[in-house]
Amino acid sequence: MTLRHAMARSINSVTVQLTDMVTPAKVVDAAQRCGITSKLNPVASVGLGPNDVSVFEMVNGYSTMMNHGERVTPVLVSKIEDHDGNVIATFQAERKQVVDKQDAWLMTYMLRGGMEEPRGTSQGLWEWDLFDKENEIGGKTGTSSEYVDGWYMGVTKDLVTGIWVGCDERSIHFKNSHTGEGSRTALPIFGVFLESVYKDKQLGYTQGKFPESTVEITKSYKCETPRYSDPNQNKVIQQILMSRQTRG
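Figured I'd write up the structure that's included with this text. Since the structure is predicted, the reported quantities are computational estimates derived from the model, not experimental observations.

Reading the values: the criteria
Residues numbered from 1 in each chain as written. Predicted model: local features only at pLDDT ≥ 70, side-chain atom pairs only at ≥ 80, totals over all residues. Heavy atoms only, no water. Helix = DSSP H or I, 4+ residues; strand = E, 2+ residues; numbered from the N terminus. Polar contact = N/O pair within 3.5 Å; in protein donor to acceptor, adjacent residues only side chain to side chain. Contact = heavy atoms within 4.5 Å. Pairing = 2+ DSSP bridges. Axes fitted to C-alpha atoms, helices over the stretch in contact; angles between N-to-C directions. Buried < 20%, exposed > 50% of the residue type's maximum accessible area, 1.4 Å probe, protein only. Core = buried A, V, L, I, M, F, W, Y, C linked by side-chain atoms within 4.5 Å.

Let's talk about the side chain of Glu-117
Topologically, Glu-117 is positioned in the loop between helix H6 (113-116) and strand E5 (138-143). A polar side-chain atom of Glu-117 sits 3.1 Å from a polar atom in the side chain of His-5. The residues touching Glu-117, leaving out its near neighbours within four places in the chain, are Arg-4, His-5, Ala-8 and Gln-123.

And the structure:
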């Protein structure tokens, strides 16, 4: 199974294997370089999200990837003027290259997998009017234990959006995966939000494909998960599914 397919379907066992290979400490380092400021414990499950992180941090981290690996520290106030319009102070966002441009673009390709890979967890977005002009959307669902938190992080060519559905009191939660998974709680909010953004022409956000990489991609990445690319295996899988339906 490719990393892209595993990420698209939220196969956590693959995430844990990858974390073990690179070490949890390096996962923490990468997250903090990208803009996560909360304390992250370097444990084996760190890649699955056991630490509390704010929506603001998550958006900041994903934005780093979409900004070609450049972390931009946002500012709430760009300038201060007096009552006569004289500028008293100006503030600029801090910018720093923290991820290789090639790796940042590859992460964009990975995030697109949720829509493009078979059974990707983002494919519920087809229910909304989001795909004119060959529009491309990337995203990642997230669900915490006992369905306390549902997440959806969505990215387009010029917008990063973070959705969290949950409660700070962990005794309050959804009952099951059908009602509590991020694909069923947070993803629909993203769909409604992005549809309204595209319809409001004054906002200036348009549909379209992600930009091509500004650097040469030297790493292999157009890989296929074997069981989907092998037609003979597909036939076997279909036969198994049909036999199950007949028995059930």
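After that view of the structure, there is still more to cover.
A closer look at the sheet that holds strand E6 (residues 150-155)
Taken in spatial order, the 3 strands of this open sheet run E5-E6-E7, and their pairing is antiparallel. Every other strand in the sheet has two partners, leaving E5 and strand E7 (160-165) as the edge strands with one partner each. Strand-to-strand, the axes of this sheet are offset by a mean angle of 10°, without reference to chain direction. Note that E5 and E6 share 6 bridges and pair antiparallel. Paired with Lys-140 across the two strands is Met-153, which belongs to E6.

Notes on the pairing of E5
With 5 of 6 residues buried, E5 is to be regarded as a mostly interior element. Count of turn residues in the E5/E6 antiparallel hairpin: 6 residues, of which Glu-146 carries a positive phi of about 60°.

Details of the nonpolar core
Core analysis: the largest hydrophobic core is formed by 15 residues, its most contacted members being Leu-125, Leu-130, Ile-137, Tyr-152, Ile-163, Phe-190 and Leu-194. Those elements that place two or more of their residues in this core are E7 and helix H8 (182-199). Examining the composition of this core, we find that 6 residues originate from one element, H8, more than from any other. The residues touching Leu-130, leaving out its near neighbours within four places in the chain, are Leu-125, Asn-135, Ile-137, Gly-191, Leu-194, Glu-195, Tyr-198 and Gln-207. In this structure, Leu-111, Trp-151, Val-155 and Val-160 belong to the second largest nonpolar core, which totals 10 residues.

Considering unusual backbone geometry
A negative phi angle is the norm for most residues apart from glycine, just as the trans form is the norm for most peptide bonds. In this model, Arg-119 sits at a positive phi of 65°, which is unusual for a non-glycine residue. Within the secondary structure, Arg-119 is located in the loop between H6 and E5. Overall, Arg-119 belongs to the exposed group, its relative accessible area being 55%.

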